Amino acid sequence: MESVTGAIAFWILAVAIIGCAVLVLTVPNIFHSALFLVGCLGGIAGIYILLNADFLAAVQILIYIGAVAVMLIFGIMLTQDVVKSNVSNHYRIPALGLSGAFLVILLTAIFGTNWQTQSPSTEASTGSIADALFSNYILPFELSSVVLLTAIIGAIVIAKER
Amino acid sequence: MVTQTSLNYVPVVVAAIVSGTVLSLLFILAAVVAPKRRTMISAIPYESGIPPKGSTWKQINLRYYLFAVFFLVFDIEAVFLFPWALTYLGIGAIAFFEMVIFLGILFLGLVYAWKKGVLKWT
């Protein structure tokens, strides 16, 4: 019974994610693309919850849906050709080649990997992530603040020049 | 696949279903009840009752982007506070100072922004 509900939830999420991903590419308005990307990221948060990765799910919602989506929409609004919404250019064939090559790389990786199936842990992961983060991985944690500081200063330096 | 902890999210699913249903009902109701006649006034986007000026499709000021970056950075900072709060009692004083250093480094960024006058909107 439980695995049936899990499977139903997984397939609903999977269809939603792939549907949103296709719509990101096909809708004519670039703002709508961004909104469908948000839907896609939300579905991935749902997959994380199904796998009991509750911390990852929270990070996905707070950072990707909360902040990265805002950055993305601001980025669209900052572009000069925003009035034309979705500008097409003459890079169609190079883009096809590049994405085709990337697809080949992905497929080789997917079929070349010996996937180990492992049932997800049954307890919430935030506590154990926290214990590891604040004891063994304290240096990467503190370094992340330096990276974020670099982001702030870099953004100010670039934006101030104008 | 579904375990005890993911059963905790059943209220989230219920809330999503309820809000989705209510929202679709409102849209259906609006489609049924609202007058079909389209005038120039009804085509204007509602903006707190003030008539909108100019085109909404225009390039925004670069300053907004800086605020988006600040939001992103301090959002990530807030995310780190959650596991910290969980582990705080277990690890004790060291965890406190770890977080003080983390916040202190980020605070430098805020001070830099402040000194550069980025936060001022003139």
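Residues numbered from 1 in each chain as written. Chains lettered and ligands numbered in written order. Predicted model: local features only at pLDDT ≥ 70, side-chain atom pairs only at ≥ 80, totals over all residues. Heavy atoms only, no water.

Peer 1: Can you help me understand the overall build of chain B in this one?
Peer 2: If you tally the helices and strands in chain B, you get four helices and zero strands. Element order for chain B, N to C, with α for helix and β for strand: α-α-α-α. On C-alpha atoms alone, chain B measures out to a radius of gyration of 24 Å, which is more than a quarter above the 14 Å that the 2.2 N^0.38 rule sets for 122 residues. C-alpha atoms of chain B, sized along the principal axes, occupy 65 × 50 × 25 Å. Classification of the 122 residues of chain B by burial places 23% in the buried group. Just so you have it, chain B exposes about 9,000 Å², and 74% of that area is on carbon and sulfur atoms. For chain B, the centre of its 9 positive side-chain charges and the centre of its 4 negative side-chain charges are spaced 22 Å apart. (Helix = DSSP H or I, 4+ residues; strand = E, 2+ residues; numbered from the N terminus. Rg over C-alpha atoms; globule rule 2.2 N^0.38 Å. Buried < 20%, exposed > 50% of the residue type's maximum accessible area, 1.4 Å probe, protein only. Areas by Shrake-Rupley, 256 points an atom, 1.4 Å probe, with all protein chains shown as cover. Lys, Arg positive; Asp, Glu negative; His and termini not counted. Charge placed at Lys NZ, Arg CZ, Asp CG, Glu CD.)

Peer 1: What is the right way to read the domain arrangement of chain B from this model?
Peer 2: Think of interface size as the accessible area that goes away when the parts come together; that is how it is often given. The domain architecture assigned to chain B consists of domain 1 (1-35) and domain 2 (59-122). Taken over C-alpha atoms, the centre of domain 1 of chain B sits 34 Å from the centre of domain 2 of chain B. (Domains from an automatic or database assignment.)

Peer 1: Any chance you could explain the interface of chain B and chain A here in plain terms?
Peer 2: Each partner contributes to the interface: chain B provides 46 residues, whereas chain A provides 57 residues. Applying the counting rule to chain B against chain A returns zero salt bridges. Residue assignment for the side of chain B that touches chain A shows that the elements contributing at least two residues are helix H1 (4-7), helix H3 (62-91) and helix H4 (93-115) of chain B. With 21 residues, the single largest contributor to the side of chain B that touches chain A is H3 of chain B. (Contact = heavy atoms within 4.5 Å. Salt bridge = Lys/Arg side-chain N within 4 Å of Asp/Glu carboxyl O.)

Peer 1: Can you help me understand the domain arrangement of chain A in this one?
Peer 2: Residue and element names in this part refer to chain A. For chain A, the assigned domains read domain 1 (1-84) and domain 2 (124-162). For domain 1 and domain 2, the distance between their C-alpha centroids amounts to 23 Å. In this assembly, four residues from domain 1 lie in contact with four residues from domain 2. Where domain 1 abuts domain 2, roughly 330 Å² becomes buried across the two surfaces, and 56% of that area is made up of carbon and sulfur atoms. Three residues, Asn-52, Asp-54 and Phe-55, lead the burial of domain 1 against domain 2; their summed loss comes to 94% of the area buried on that side. At the junction of domain 1 with domain 2, the criterion picks out zero salt bridges. The tally of links from domain 1 across to domain 2 stands at one residue pair in polar contact (both at pLDDT 80 or more). Across the side of domain 1 that touches domain 2, the residue classes tally to two nonpolar, one polar and one charged. (Buried area = accessible area lost by both parts, 1.4 Å probe. Polar contact = N/O pair within 3.5 Å; in protein donor to acceptor, adjacent residues only side chain to side chain. Nonpolar A, V, L, I, M, F, W, Y, C, P; charged D, E, K, R; others polar.)

Peer 1: Which parts of the structure should I look at to understand the packing of aromatic side chains?
Peer 2: Aromatic ring pairs are defined here through the distance separating the ring centres and the angle between the ring planes. Under the counting rule described, the total for this entry stands at eight aromatic pairs over all chains. Ring centres of Phe-134 of chain A and Phe-141 of chain A lie 4.9 Å apart, and the angle between their planes is 65°; on these two criteria the pair is classed as edge-to-face. Both residues of the pair, Phe-134 of chain A and Phe-141 of chain A, belong to the buried class. For the pair Phe-80 of chain B and Phe-102 of chain B, a centre-to-centre distance of 5.4 Å together with 80° between the ring planes defines the contact as edge-to-face. With Phe-80 of chain B in helix H3 and Phe-102 of chain B in helix H4, this pair connects stretches of sequence that are 22 residues apart. On the basis of relative accessible area, Phe-80 of chain B is assigned to the buried category, the value being 17%. Taken together through their ring pairs, the aromatic side chains of Phe-134 and Phe-141 of chain A together with Phe-80 and Phe-102 of chain B make up a single cluster. (Phe/Tyr/Trp six-rings, centres within 6.5 Å; stacked < 30°, edge-to-face > 60°.)

Peer 1: Would you explain helix H2 (residues 30-50) of chain A in this entry?
Peer 2: Side chains three or four residues apart in an α-helix point the same way, a direct result of the helix having 3.6 residues per turn. Residue and element names in this part refer to chain A. Here H2 spans 31 Å end to end across 21 residues, near enough to the 30 Å set by a 1.5 Å rise per residue. Turning to H2, its buried residues are Ser-33, Ala-34, Val-38, Cys-40, Leu-41, Gly-43, Ala-45, Gly-46, Ile-47, Ile-49 and Leu-50. Positive phi shows up at Asn-52, right after H2, with a value of about 65°. (Expected span 1.5 Å × (residues − 1).)

Peer 1: Mind showing me how you'd approach unusual backbone geometry here?
Peer 2: Trans peptide bonds make up most of the peptide bonds, and negative phi angles are found at most residues other than glycine. Residues and elements named next belong to chain A. Look at Asn-52: it is not a glycine, yet its phi comes out positive at around 65°. Residue placement: Asn-52 occurs in the loop between H2 and helix H3 (54-78). Residue Asn-52 is classed as buried on the basis of its relative accessible area, which comes to 4%.

Peer 1: Just to check I follow, could you spell out the confidence of the model for chain B for this structure?
Peer 2: Reading predicted coordinates in detail is not appropriate for stretches of low pLDDT. Residues and elements named next belong to chain B. Across chain B, the average pLDDT comes to 83, with 93% of residues at 70 or higher. Here H1 stands out as the element of chain B with the lowest mean pLDDT, 61, in contrast to helix H2 (residues 10-33), whose mean of 92 is the highest. We note a pTM of 0.78 for the whole complex and an ipTM of 0.76 for its interfaces. (pLDDT = per-residue confidence, 0-100.)

Peer 1: Help me understand a nonpolar patch on the surface, please; the structure alone is not making it clear to me.
Peer 2: A contiguous nonpolar surface patch, about 1,200 Å² in accessible area, is contributed by Val-10, Val-14, Val-18, Val-22, Leu-23, Leu-25, Leu-26, Phe-27, Ile-28, Leu-29, Val-32 and Val-33 of chain B. The exposure class of Val-22 of chain B is partly exposed, given its relative accessible area of 43%. (Patch = residues over 30% accessible without salt bridge, like charges linked within 9 Å, V, L, I, M, F, W, Y side chains within 5 Å.)

Peer 1: Quick question: what am I supposed to make of the nonpolar core here?
Peer 2: Within soluble globular proteins, side chains that are nonpolar tend to cluster in buried spots. In terms of nonpolar packing, the biggest core is built from 29 residues, with Phe-141 and Ile-156 of chain A together with Leu-66, Phe-70, Phe-80, Met-99 and Phe-102 of chain B touching the most fellow members. Secondary-structure elements contributing two or more residues to this core are H3 and helix H6 (138-160) of chain A together with H3 and H4 of chain B. Sorting elements by how many residues they give to this core places H3 of chain B first, with ten residues. (Core = buried A, V, L, I, M, F, W, Y, C linked by side-chain atoms within 4.5 Å.)

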